[in-house]
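# Working through the structure, step by step
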Amino acid sequence: MAVSEHNKDSEYAHRLRQDPLFADITGHELARLVGAVQSVEFSPGQSVCTQDDPANFLYLIESGELLLSTASGRSVELTMRRCGEEAASDHATYLCGTIATTPVRALRVPRETLQELSLTATSLRSRALLGLMGHVGGEPFLKSGTPRKKPAVPLSRRETAGWLATVMVPPAIYFLGSMAGLAVEAALFLAILSATVLMWVFTLADEFVPPLVAIVAVLIVGLVPYEVALAGFASRTLPTLLGVYALAAVISASGLSYRFMLWLLLRLPDTPFWHQTALVLSGYILSPIMPSANARLSLVLPFYRDMVDGLGLQAKSKAATALMAATFSGAMLLSPMFLTSKSSNLTVITMLPGQLQVQFQGLFWFVAASVAAATVTLLHLVFMRLCFGRGAAAGLPKPRLARQLALLGPMSAAEKGALVGFLFFLLGAATSDWHHVSAAWIAGFLLVGLLLMGLFSKKDFQQKIDWPMIFFLLSLDGLSRSISYLGLDTALAHSVGNGFAFVDGRMALFIPLALFVTLALRLVLPTTAGMVVAAIILLPIGQSQFLNPWVVVFLTAMFSDMWFLPYQCSPYLQVVGSGMGRFYEQAEFLRYNHYMNLSRVAAAYLSIPYWEALGLV
């Protein structure tokens, strides 16, 4: 019996492989498909598929002849050994009828199985429609494919070196730490931390994986209690991230951001300066509620493309490059200036003393950073003129923009909900000193409200929240708390105190130190990890020099946004990957970016008198 069943499954698999509809599915997908197949028989004159009936099954003909009837009443002899392709498509009913003209034996595949298969075999639905077109038109549109196999990719030299370093360096660090007199727990933690950094440096896994591995290793070895290692997941950072990501998704999905952009373009003066300003302002407005420069860019890049087309700008021209510089700066420049505009800001704030965490939870972060924000904005305008000139006058197609805005109609309920949520979060965070409700709880209330109103669904909760980034940040939070628990930050402060005695509490000398450490880390680490690791290193140094911890983490936030080579900046790689590179001149854009790197250093120095007035220095 077992042999008979085995032979039957083998026959089913062979028949499925013969059909062009399933020729390119993987072995795993084929195995799941075989389990749902049934063998059925039809008598002459019996209907196999009835037009307008639910398309519940796909049939693969093993023997016999069928006649297909189209919606217009035309009869076609079925030459291709398959019918009922509608079951594998998005159409719920059969578009054609099929009748057996001789005894027919067929394999029947349920619609539910085919719909599940289409989630991984993404071409199945389009291939099913091609098969149906072949029946009606008499042409074999569906061609045979080849099974999809995941090619074995050998490790590159970089990956090989990275894995060797990850295996060999941590034990060496453990023994060196032990020889230097470190406690066993501290030496073990440094070894685990070194493995995490090496995985980042050599890009051996996705960015969020190494800190998760480190947290698991710390818990397995028992270096710190679980309430310390997992403290990030119980901190205020989690509701803040969830609320902000949910609000950003609702604003984008509802169309509110697109409506606002059209409205802004219609009302600003129609000159090159204001075209650029519109793109900058769009990114600025999104900054307080969208903790990802990549997400902000994904919203404003379509407007850049539409503006280039609408203005009729020549590809690679200074005007088109200036618009790209404005688009990119709008998404990037305020990243360090708001607590919620950069994911790593929400991580490093947990490294501050409790009193400072409360002080900077609301809009006071932006208040303290306002001089730096004004400086980079002003220098952006200066460098735009220096790099790209005044720009030739070109008019937007405002009548077309007005028609697009009119086609949107009145604001939908989703747009109104997104607007209310945005104002609620912005005003709530701005007035937290008055009502004493943390911005984290405001974000949490906002998330609950969006869910209860149906503006943010279960599917949105699964797909539109950046869960890898959240786990990345909360794991880093746990690692930073573990460092404090083990006393490594105090030990580092003592060890470096004398080495940086020349700073002598002077911010003017600490700024180049912070710049050097952050840029050195950013050569090998991504933006978020580079900022967090820089903060971990610099906070003890700042503590030894009696500098305000918030100023230290703010400097790392601002300097971590500096980049010189494309690989250092994922938002710029996003621009390149989007195909926008054909519109602007990369060399001119990079020259502008180098100037903006200098603007961040100038912003730090110009903020010193203001920080002194606030009592932060």
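Refer to the preceding data block for the structure.
Heads up: these notes are all about the structure in this document.

About the cut-offs
- Residues numbered from 1 in each chain as written.
- Predicted model: local features only at pLDDT ≥ 70, side-chain atom pairs only at ≥ 80, totals over all residues.
- Heavy atoms only, no water.
- Helix = DSSP H or I, 4+ residues; strand = E, 2+ residues; numbered from the N terminus.
- Contact = heavy atoms within 4.5 Å.
- Areas by Shrake-Rupley, 256 points an atom, 1.4 Å probe, with all protein chains shown as cover.
- Axes fitted to C-alpha atoms, helices over the stretch in contact; angles between N-to-C directions.
- Parallel < 35°, antiparallel > 145°, perpendicular 65-115°, else oblique.
- Left-handed = near helix turned anticlockwise from the far one by under 90°.
- Nonpolar A, V, L, I, M, F, W, Y, C, P; charged D, E, K, R; others polar.
- Expected span 1.5 Å × (residues − 1).
- Buried < 20%, exposed > 50% of the residue type's maximum accessible area, 1.4 Å probe, protein only.
- Phe/Tyr/Trp six-rings, centres within 6.5 Å; stacked < 30°, edge-to-face > 60°.
- Salt bridge = Lys/Arg side-chain N within 4 Å of Asp/Glu carboxyl O.
- Bend = angle between axes of the 7 residues up to and from the residue.
- Pairing = 2+ DSSP bridges.
- Patch = residues over 30% accessible without salt bridge, like charges linked within 9 Å, V, L, I, M, F, W, Y side chains within 5 Å.
- Lys, Arg positive; Asp, Glu negative; His and termini not counted.
- Polar contact = N/O pair within 3.5 Å; in protein donor to acceptor, adjacent residues only side chain to side chain.

### Quick look at the overall build of the protein chain
Scanning the protein chain from N- to C-terminus turns up 29 helices and eight strands. Once the C-alpha set of the protein chain is aligned to its principal axes, its extents read approximately 95 × 70 × 50 Å. The long-range fraction of contacts in the protein chain, counting pairs at least 24 apart against all pairs at least 6 apart in sequence, stands at 77%. Of the roughly 27,800 Å² of accessible surface on the protein chain, 65% is carried by carbon and sulfur atoms.

### Topic: the packing of helix 7 (residues 209-221) against helix 22 (residues 467-485)
Packing of helix 7 against helix 22 brings their axes to within 8 Å, and their N-to-C directions diverge by 40 degrees. One finds that helix 7 runs oblique with respect to helix 22. Where helix 7 crosses over helix 22, the two elements pack in a sense that is left-handed. In contact with Pro211, Leu212, Ala214 and Ile215 of helix 7, helix 22 contributes Phe471, Phe472, Ser475, Leu476, Gly478 and Leu479. Tallied by class, residues from the contact of helix 7 with helix 22 come to eight nonpolar, two polar and no charged.

### Examining helix 18 (residues 413-430)
Given a rise of 1.5 Å per residue, 18 residues ought to cover 26 Å, and the 26 Å separating the end C-alpha atoms of helix 18 matches this to within 8%. Looking only at helix 18, the buried set comprises Glu415, Gly417, Ala418, Gly421, Phe422, Phe425, Gly428 and Ala429.

### Points about the packing of aromatic side chains
Evaluated as defined, the whole model comprises 26 aromatic pairs. Between Tyr304 and Phe583 the ring centres are 6.2 Å apart and the planes differ by 80 degrees, which places this aromatic pair in the edge-to-face class. A residue pair is termed long-range when its members are at least 10 positions apart, and Tyr304 in helix 12 (residues 293-311) and Phe583 in the loop between helix 27 (570-577) and helix 28 (586-606) qualify at 279 residues. Owing to a relative accessible area of 0%, Tyr304 belongs among the buried residues under this scheme. Looking at Phe583, the relative accessible area reads 9%, which means it is buried. Each ring, one from Phe338 and one from Phe366, has its centre 4.5 Å from the other, and the planes form 0 degrees; the classification is stacked.

### Describing the pattern of salt bridges
In this structure the tally under the stated criterion is 11 salt bridges. Asp19 is the salt-bridge partner of Arg82, the closest N and O atoms lying 3.0 Å from each other. With a gap of 63 residues between them, Arg82 in strand 6 (residues 82-83) and Asp19 in the loop between helix 1 (2-18) and helix 2 (27-34) connect regions that are remote in the sequence. The class of Arg82 is buried, set by a relative accessible area of 4%. Look at Asp19 and you get buried, because its relative accessible area is 3%. Taking the shortest distance from any N to any O, the salt bridge between Lys318 and Glu588 comes out at 3.7 Å.

### Side note on the environment of Leu513
Within the fold, Leu513 resides in helix 24 (residues 507-522). Sequence separation of Leu513 and Gly454 is 59 residues, and the distance between their C-alpha atoms is 49 Å.

### Details of helix 25 (residues 527-544)
Over its 18 residues, helix 25 extends 26 Å from the first C-alpha to the last, a length consistent with the 26 Å expected when each residue adds 1.5 Å. The largest bend in helix 25 is about 30 degrees, located at Leu538, with the proline Pro540 one to four residues further on. Among the 18 residues in helix 25, 14 count as buried, and that is most of the element. Taken from the residues just after helix 25, Phe546 is the one with a positive phi, measuring 60 degrees.

### Topic: the pairing of strand 7 (residues 97-100)
Here two bridges tie strand 2 (residues 47-49) to strand 7, and the two strands are oriented antiparallel to one another. For Ser47, the partnering residue across the bridge sits in strand 7 and is Ile99. When strand 4 (residues 66-69) meets strand 7, the two strands line up antiparallel, connected through four bridges. By the bridge assignment, Leu68 is partnered in strand 7 with Thr98.

### Describing the sheet that holds strand 1 (residues 38-42)
Remark on secondary structure: sheet strands pair via backbone hydrogen bonds, oriented parallel or antiparallel. If you walk across this open sheet you meet the four strands as 1-8-3-6, and the pairing is antiparallel. On the outer flanks of this sheet lie strand 1 and strand 6, each paired with one strand and no other. Alignment of strand 1 against strand 8 (residues 104-110), held across five bridges, turns out to be antiparallel. Bridge pairing links Phe42 to Val104 in strand 8.

### As for unusual backbone geometry
Residue Thr203 is not a glycine yet carries a positive backbone phi of 50 degrees. Inspection of the secondary structure puts Thr203 in the loop between helix 6 (184-201) and helix 7. For Thr203, a relative accessible area of 51% corresponds to the exposed category.

### Overview of the sheet that holds strand 4
If you walk across this open sheet you meet the four strands as 2-7-4-5, and the pairing is antiparallel. Edge positions in the sheet fall to strand 2 and strand 5 (75-77), since each of these pairs with one other strand and no more. For this sheet, the mean inter-axis angle between neighbouring strands, taken without regard to orientation, is 30 degrees.

### Examining a nonpolar patch on the surface
Together, Phe273, Trp274, Leu378, Leu381 and Val382 make up a nonpolar patch on the protein surface, roughly 440 Å² of accessible area in all. Those elements giving two or more residues to the nonpolar patch turn out to be helix 11 (272-286) and helix 16 (364-388). Counting residues per element, the nonpolar patch draws most heavily on helix 16, at three residues. Within the element layout of this structure, Val382 appears in helix 16.

### Some points on the side chain of Arg522
Take Arg522: it is sitting in helix 24. Buried and unpaired, Arg522 has Asp561 as its nearest opposite-charge partner, separated by 6.6 Å. Only 2.8 Å separates the side chain of Arg522 from the backbone oxygen of Ser560, close enough to count as a polar contact. Apart from the residues within four sequence positions on either side, Arg522 is in contact with Thr527, Gly530, Ser560, Met562, Trp563, Gln568 and Cys569.

### Concerning the side chain of Ser287
Here Ser287 lies in the loop between helix 11 and helix 12. For Ser287, a relative accessible area of 0% puts it in the buried group. Within the structure, Ser287 has its side chain in polar contact with the backbone oxygen of Gly283 (distance 2.9 Å). Excluding residues within four positions of it along the chain, Ser287 makes contact with Arg296, Gly330, Leu334, Phe338, Thr340 and Ser341.

The values reported here are purely geometric and, on their own, carry no functional implication.
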